[in-house]
Each structure stands twice: as structure tokens, then as C-alpha cells.
Amino acid sequence: MLGPLLRLLSACGGVWPASPAPGAAASSSSSGDDSEGRDGLLWWRDLARCHAGDVSVAVAQANQVLEDQCRLDSAPPLGTVVGVFDGHGGPDAARFACDHLVPNLREAFSGPRGVTADAIREAFLATEEGFLALVSSLWEAQPDIATAGTCCLVGVVHNRTLFVANLGDSRAVLGKKVGRAGQITAEQLSSEHNANQEAVRQELKAQHPDDAQIVALKHGVWRVRGLIQVSRSIGDVYLKHAKYNTEQIKPKFRLSESFSKPLLSADPAIISRNLEPNDCFIIFASDGLWEHLNNQEAVEIVHNHQRAGSARRLIKAALQEAARKREMRYSDLTKIDKKVRRHFHDDITVIVLFINHDLLLKGAPQGQPLSIRCALDY
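Each value, and the rule that gives it
Residues numbered from 1 in each chain as written. Predicted model: local features only at pLDDT ≥ 70, side-chain atom pairs only at ≥ 80, totals over all residues. Heavy atoms only, no water. Helix = DSSP H or I, 4+ residues; strand = E, 2+ residues; numbered from the N terminus. Buried < 20%, exposed > 50% of the residue type's maximum accessible area, 1.4 Å probe, protein only. Lys, Arg positive; Asp, Glu negative; His and termini not counted. Salt bridge = Lys/Arg side-chain N within 4 Å of Asp/Glu carboxyl O. Polar contact = N/O pair within 3.5 Å; in protein donor to acceptor, adjacent residues only side chain to side chain. Contact = heavy atoms within 4.5 Å. Phe/Tyr/Trp six-rings, centres within 6.5 Å; stacked < 30°, edge-to-face > 60°. Expected span 1.5 Å × (residues − 1). Axes fitted to C-alpha atoms, helices over the stretch in contact; angles between N-to-C directions. Parallel < 35°, antiparallel > 145°, perpendicular 65-115°, else oblique. Left-handed = near helix turned anticlockwise from the far one by under 90°. Nonpolar A, V, L, I, M, F, W, Y, C, P; charged D, E, K, R; others polar. pLDDT = per-residue confidence, 0-100. Arc of directions from axis to C-beta. Pairing = 2+ DSSP bridges.

Help me get a handle on the side chain of aspartate 169, residues and values and all.
With respect to the helices and strands, the residue aspartate 169 is situated in the loop between β7 (161-167) and β8 (171-178). An unpaired buried charge is present at aspartate 169: no salt bridge exists, and arginine 171, the closest side chain of opposite charge, is 8.3 Å distant. One polar contact links aspartate 169 to asparagine 194, side chain to side chain, over a distance of 3.0 Å. Contact partners of aspartate 169, with chain neighbours within four places excluded, come to Cys151, Glu192, Asn194, Val230 and Asp287.

The structure is reproduced here in C-alpha cells:
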């Protein structure tokens, strides 16, 4: 019984380096391939070593101003934190969340709760309150900041426990081995808050029983009050506090009927699980990726290639599919400049975290801290 378990640990970045089975992702060296680069609207960090294992990061810009933000922070004693922030209505909320959520997590984790779901929720709400204070201070001079919001997807690996917290429709997907043959399969870890999902519409109707227009079908898409697809976010203050839904904001954001309680929530959905030996890697990505790839396609792309460049490879696969849908060549798509590119795909952010079970078994994080943020210009 011990032999198969050790082989499984090794294949998922476990006890010792070993040659991967046919079709399995190649293991990285102990130092990792710490390469960073940029090609036009694509930025990447192909592979780096953090306290939970190896990480690959990439971002592709489509909007005139990049609305996606991301970061990874890995340092003792708190472990590894991954954040993907998919902004809408401008970049302000995503930038704010990227700047403040991780420090708020650090502060919450250092309190009496420790690294827990309650502490994560506390950090999300502190970030929401901080952005509200920013909107309040800028309201007279810059009212459009009230219409900026962001989805937030956060992963925390502490010892051998994984937490995933989410607002909006970014997604975390686990790649894990199943069966004696060690086939890779996808398990979605995050729940999405998008009004196109029946369960979300029912949740909104239950929360707002007196609001007949809480969800409305507009141009074939379900939206909260006909304006926005996501039901949970940081920001979007104009849909949470009626005093910011006035003639000072753009007409397309104004509601014809006022509201007495927030239409959107900043309370994240949080899951926790113990990481098992067959849990190999986690893909954290904004919805720009998932518009073109399904969960199983994504984990197979990661699994069937070397670790270095995994995030960049996923973005390329998504762009190839976006080009195919428009009956054009991938090479032609990549020549299209930002803003116009948004007609073909969204901003895309991908972070792939390869779990090293050997490192996690050691307990407290060892080695040098690591911090990564996207280096694309705004």
C-alpha cells in the first residue's frame, strides 16, 4: 500500500523528485524556471517557487485600460495567498482590492481567529468598507468611481488547508488524480455569483421579495436590476447605497426606482478543504478564460505539459478558441490592439499553483518570501 501512495505524492509534487508518468506534467527543478516576460498585450511569469509549491502566472489585456489585477504573496508564518481581481466599470475597484485585500488578510490572520474562514470574511468586508470610504472622499470630484466594482477570487494555503473565497464569477478549479491510472480530473472549488444562473436569481429574489425587478432579462442576459450580471462584488457602490445612484453618475448606471437595502453583496462564498495527496494543482482565473475553456480542458492542458509556462499556455488556448469562434487565425487576433481586442475576448488572468505536499508536510513555511504582481501597464 505504501508504494502507490508514495508514487501518487511524487506525481503531484510530493515527497521526492521523480520522472513523471507518460502524459503527466513534468516536475520543475528545485530552483524553478523563474522567467518573466512580455509580448505586446501578454505578460507572464512562467514559473516561481513559493511556500506551497510552484506557481505560474500570466495576464492578457483586451480593454483600453486593464481591468484585471492579480497578486501572489507567500511568506511565513501565514502561508501562500493568491488573488485574482476582475474589475468592471473601470479599473479602480480592482486596483484597490489588489492593493488592500492581502494586507487586510494579513491583519485578520494575526488576530485571535487565526487563519480561518471568519478571518477571511473579515478581510473582505474591511476591503469593501475601505473602498466605500474612498468613494465617499472622491464623490464630488470623481463620482464615476461609485460605478466601479470588481470580482474577487482568493486562495489561501496554510499548512495543509486550502481556503477559496469568491465574489463574482472568477473561478478556481482543482486538478486531481483519480483511479489507478492516475487520470487527471477537474473539480470546481468556487461558486459563481452571476444572475445568469438560476440559483443566483432565486437567491436574489429571496433576499428582495418586494422588488419585482431585482433580476431582469436584458438583451438575452439576466442582470441585477437590468444593469450588472454579478450579484456579489467589492465596490459597485451605486448599487449598494442609494445616495450614490444620482444624476452625478452616467445615465446608463442610474436606476429609475430607488432601493432601501444593498442590491449586491460583498459577503464572499468560502470553502475550506484539507489538501490530499492526489490534489495536484489549482487554476485561479478570471472569467475571460472560462468563456473559452471548460474546466476539464483547462486541467488537461496543464497536466499534459511541463509546469513552466502553464498560465501562458492556458491563455494561448483561450485566445485560439476565441479566434476560431470568429473564423480568424490566432496570429491575426494577437495583432489587434487593446480596446478593439475587447470585441474578441475579455482581459484574462491565470494563476496556476502546483501543490508541493512535501513542503506542506513540513508545517511552517520555509525559505524566502515571494511576491508577484502583474507588470502590464494600465
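An account of the packing of aromatic side chains is requested, with residue identities and associated values reported.
If you walk through the whole model with that rule in mind, you get four aromatic pairs. Pairing tyrosine 238 with phenylalanine 253 gives two aromatic rings, centres 5.4 Å apart and planes at 75°, and the pair type is edge-to-face. A residue pair is termed long-range when its members are at least 10 positions apart, and tyrosine 238 in the loop between β12 (234-235) and β13 (269-274) and phenylalanine 253 in the loop between β12 and β13 qualify at 15 residues. With relative accessibility at 2%, the residue tyrosine 238 sits in the buried group. For phenylalanine 253, a relative accessible area of 16% translates into the label buried. Pairing phenylalanine 281 with phenylalanine 354 gives two aromatic rings, centres 5.8 Å apart and planes at 55°, and the pair type is tilted. With phenylalanine 281 in strand β14 (residues 279-285) and phenylalanine 354 in strand β15 (residues 348-355), the pair connects residues that are 73 residues apart, well separated along the chain. Neither residue differs from the other here; phenylalanine 281 and phenylalanine 354 are each classed as buried.

Lay out helix α3 (residues 117-138) with the relevant residues and their values.
Spanning 22 residues, α3 covers 32 Å between terminal C-alpha atoms, matching the ideal 32 Å at 1.5 Å per step. Along its buried surface, α3 packs onto α2 (92-109), β6 (149-158), β7, β12 and β13.

Residues and numbers for the packing of helix α6 (residues 295-303) against helix α7 (residues 310-325), please.
In the contact formed by α6 and α7, the axes pass within 10 Å of each other and the chain directions differ by 135°. It follows that α6 is oblique to α7 by the angle criterion. Every pair of crossing elements has a handedness; the one defined by α6 and α7 is right-handed. Residues Ala298, Ile301 and Val302 of α6 form the contact with α7, whose own contacting residues are Ser310, Arg313, Leu314 and Ala317. Across the contact of α6 with α7, the residue classes tally to five nonpolar, one polar and one charged.

Go over the environment of cysteine 70 with me, naming the residues and quoting the values.
By the element assignment, cysteine 70 lies in strand β4 (residues 68-75). Take cysteine 70: its relative accessible area is 1%, and that puts it in the buried class. When the C-alpha positions of cysteine 70 and alanine 97 are compared, they lie 9.5 Å apart, and in sequence the two are 27 residues distant. Among all residues touching cysteine 70, those that are not within four sequence positions of it are Val57, Val59, Gly83, Phe85, Cys98, Thr349, Ile351, Ile372, Arg373 and Cys374.

Run through unusual backbone geometry, naming residues and quoting values.
The phi dihedral of arginine 225 is positive, around 50°, even though this residue is not glycine. Mapped onto the fold, arginine 225 is located in the loop between β11 (221-224) and β12. Positive phi, close to 55°, is recorded for glutamate 327, a residue that is not glycine. Examined against the element boundaries, glutamate 327 turns out to sit in the loop between α7 and α8 (330-333).

Which residues make up the confidence of the model for the protein chain, and what values do they have?
Confidence along the protein chain averages 89 in pLDDT terms, with 89% of residues attaining 70 or more. This model gives residues 1-11 a pLDDT under 50, and the stretch forms 15 contacts once residues within four places in sequence are excluded.

Tell me about the pattern of salt bridges, and name the residues and values.
Counted by the stated rule, this structure contains 21 salt bridges. One salt bridge in this structure joins lysine 250 and aspartate 144, with 2.6 Å as the shortest N-O distance. Taken together, the positions of lysine 250 in the loop between β12 and β13 and aspartate 144 in the loop between α3 and β6 put the pair 106 residues apart, joining distant regions of the chain. For lysine 250, a relative accessible area of 40% gives the class partly exposed. Arginine 342 is the salt-bridge partner of aspartate 346, the closest N and O atoms lying 3.3 Å from each other. Residue class for arginine 342 comes out partly exposed when judged on its relative accessible area of 35%.

Run through the packing of α2 against α3, naming residues and quoting values.
When two helices pack together, their arrangement is given by the angle between the helix axes and by the axis-to-axis distance. Viewed as axis vectors pointing N to C, α2 and α3 meet at an angle of 140°, and their least axial separation amounts to 8 Å. Between α2 and α3, the crossing angle belongs to the class labelled oblique. The chirality of how α2 crosses α3 is right-handed. Touching Asp92, Ala93, Phe96, Ala97, His100, Leu101, Asn104, Leu105, Ala108 and Phe109 of α2 are Ala119, Ile120, Glu122, Ala123, Phe124, Ala126, Thr127, Gly130, Phe131 and Leu134, all from α3. By residue class, the composition of the contact of α2 with α3 is 14 nonpolar, four polar and two charged.

So what's going on with helix α4 (residues 198-207)? Residues and values would help.
Listed as buried for α4 are Val200, Arg201 and Leu204. Summarising the axial view, the buried residues of α4 lie within an arc of 100°, below the 170-degree limit, and thus occupy one face. Of the residues in α4, the exposed ones pointing more than 90 degrees away from the buried face are Ala199 and Ala206. As for α4, its buried residues are in contact with β10 (215-218) and β11.

Explain the pairing of β4 residue by residue, including any values.
Of all eight residues in β4, seven are buried; the element is thus mostly enclosed. Sheet topology places β4 next to strand β5 (residues 79-88); eight bridges connect them, and they run antiparallel. The partner of alanine 75 across the bridge, within β5, is glycine 79. Following β4, the chain reverses through three residues before pairing antiparallel with β5. With four bridges connecting them, β4 and strand β16 (residues 370-373) associate as antiparallel partners. Bridge pairing links arginine 71 to arginine 373 in β16.

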